[in-house]
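Residue strings, one per chain:
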Amino acid sequence: MQIFYDFMSYTDVFTYNITTLELLLIYAMKTIIYQSDYLGNGFEYATIAQPDDYEGKVVATIIRRQSSRPSTKAVLYVHGFNDYFFQSEMAHKFNEQGFHFYAIDLRKYGRSILPHQKSNNMRSLIEYFEDLDAALEIMEQEGNKQVVLSGHSTGGLLVTLYAAQRIGKEKFEAIFCNSPFYAMNMPGYQKRLLLPLVALFGKYFPEVLLPGKISEWYGHSLHSAKKGEWDYNLAWKPHLVPALNAGWINAIYQGHAQIKKGIILTRPILVMHSNQSIYSKDWKASFFEGDAILNVKDIKAGAERILAPKRKIHEVHGGMHDLILSPLRVRERVYLVLFEWLAQIIK
């Protein structure tokens, strides 16, 4: 039986005139009971109930794998668009370094998608802040005191904006962004002329589906049933991305506008990206050697607009869009740079 997480804060408790028994019940409901995850091998998950939104019932899912060593260090991984957590090798790498590993499948993604929901659907990136707040609170209650907030692609954009909004209330000590989605990968004239119009349309007509599709070749370069080395659920991470809502475009546009204005953080940040972008309408072996989703120049430009202590921007030669899914020799370099940087931040 799944136990849902009550997201009431301490301030909520004292806002209402409640009895001692009611107070005890509130704290009891905060207890998370994990179940074995489909990944097996020590992975567990728990479902977090969130307030209903414009589609109805909403949940997020926290996944964890604890280190074999006693530790107060942990990482929270946030996946990207058309994605969910399946990268078990990454969890093992963090465990080996003495970190408890946590990931979150955000609302309407992966383990958290409900039958009545459209996958990936959102109207503002702020919707996900509730999911991150809940996950970080759970981690804190489980004794984690030195937390790394990690995000890939859209997850990288999300954790960057979240960190900027939580200054003074941070429950994390460092931020790691793996190929963060800091700008749309499109020609400059489309960014200046077309994108603002589509975003404005999405503000008032968020549920309208937009024409066009994202290339399936990136998925082919990853999945073991095609040309890649990774096995994952194609229902949760399909090669062909479902049509986007106009509201999603507006939400991303607003997030990118914040990056363009500049971001101030009080926690150190490491931004890593490939050295090159790959553009091709047909399959090529070069899909294994570069970022087939984003323009790496946009990532670097966005990262340079971030003001933070011990900020580091690192280019990974031959890295794919998800750097930790790159060929073995490349991802080993990624982990080397990441953990050397973290050793300076998390003692």
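Position numbers for residues count from 1 along each chain, tracking the sequence in the order it is written. Totals for whole chains, interfaces and linings use all residues, but because this is a predicted model, local features are given only for residues with pLDDT of at least 70 and pairs of side-chain atoms are given and counted only at 80 or more. Side-chain numbers come from the whole structure's heavy atoms, not from hydrogens or water.

Quick look at the UniProt feature "domain: Serine aminopeptidase S33" (unreviewed entry) in the protein
UniProt positions are given in the numbering used here, feature names are shortened, and annotations may be inferred rather than shown by experiment. UniProt feature "domain: Serine aminopeptidase S33" (unreviewed entry): in the numbering of this structure it lies at residues 72–323. Working definition: helices are DSSP H or I runs of at least four residues, strands are E runs of at least two. Numbering for both runs from the N terminus. Across residues 72–323 one finds 33% helix and 15% strand; the C-alpha atoms that close the span lie 26 Å apart.

Some points on the layout of surface pockets
Cavity: a set of points on a 1 Å grid over the protein atoms alone where a 1.4 Å probe fits but cannot get out. Pocket: an open set with protein on both sides within 12 Å along at least five of seven lines, its lining residues, like those of a cavity, having an atom within 4 Å of a point. Grid points are joined across faces, edges and corners, and a volume is the space filled by probe spheres set on the points. The computed volume of the largest pocket comes to approximately 1400 Å³. At the level of elements, helix 6 (188–204), helix 7 (217–222) and helix 8 (246–261) are the ones that each hand at least two residues to the lining of the largest pocket. Residues are sorted three ways: Asp, Glu, Lys and Arg are charged, Ala, Val, Leu, Ile, Met, Phe, Trp, Tyr, Cys and Pro are nonpolar, and all the rest, Gly among them, are polar. Residues of the lining of the largest pocket, tallied by class, amount to 28 nonpolar, 13 polar and five charged. Counted as a void, the second largest pocket has a volume near 430 Å³.

So, the pairing of strand 5 (residues 100–105)
Burial here depends on accessible area, computed with a 1.4 Å probe over protein chains only, as a share of the maximum for the residue type. Under 20% is buried, over 50% is exposed, and the range in between is partly exposed. Buried residues dominate strand 5, accounting for six of its six residues. Burial along strand 5 is two-sided: the residues His-100, Tyr-102 and Ile-104 and Phe-101, Ala-103 and Asp-105 are all buried. Strand pairing requires that DSSP identify at least two bridges connecting the strands. Pairing geometry for strand 3 (residues 56–65) and strand 5, over five bridges, is antiparallel. Along strand 5, the bridge assignment pairs Ile-63 with Ala-103. The pairing of strand 4 (residues 73–78) with strand 5 spans five bridges and is classified as parallel. Each bridged residue has a counterpart across the sheet, and for Val-75 the counterpart in strand 5 is Phe-101.

Let's talk about the packing of helix 3 (residues 88–96) against helix 10 (residues 328–345)
Axis lines are fitted to C-alpha atoms, over the contacting stretch for helices. Their N-to-C directions set the angle, which ranges from 0 to 180 degrees. It is at 12 Å that the axes of helix 3 and helix 10 come closest, and there the two elements cross at 35°. The handedness of the crossing between helix 3 and helix 10 is right-handed. Each of Glu-89, Met-90, Lys-93 and Phe-94 in helix 3 lies in contact with helix 10, whose residues at this interface are Arg-331, Tyr-335, Leu-338, Phe-339 and Leu-342. Here the contact of helix 3 with helix 10 is built from residues that sort into six nonpolar, no polar and three charged. The hand of a helix crossing depends on one turn: near helix anticlockwise from the far one by less than a right angle means left-handed, and clockwise means right-handed. Contact criterion: two residues are considered in contact whenever any of their non-hydrogen atoms come within 4.5 Å of each other.

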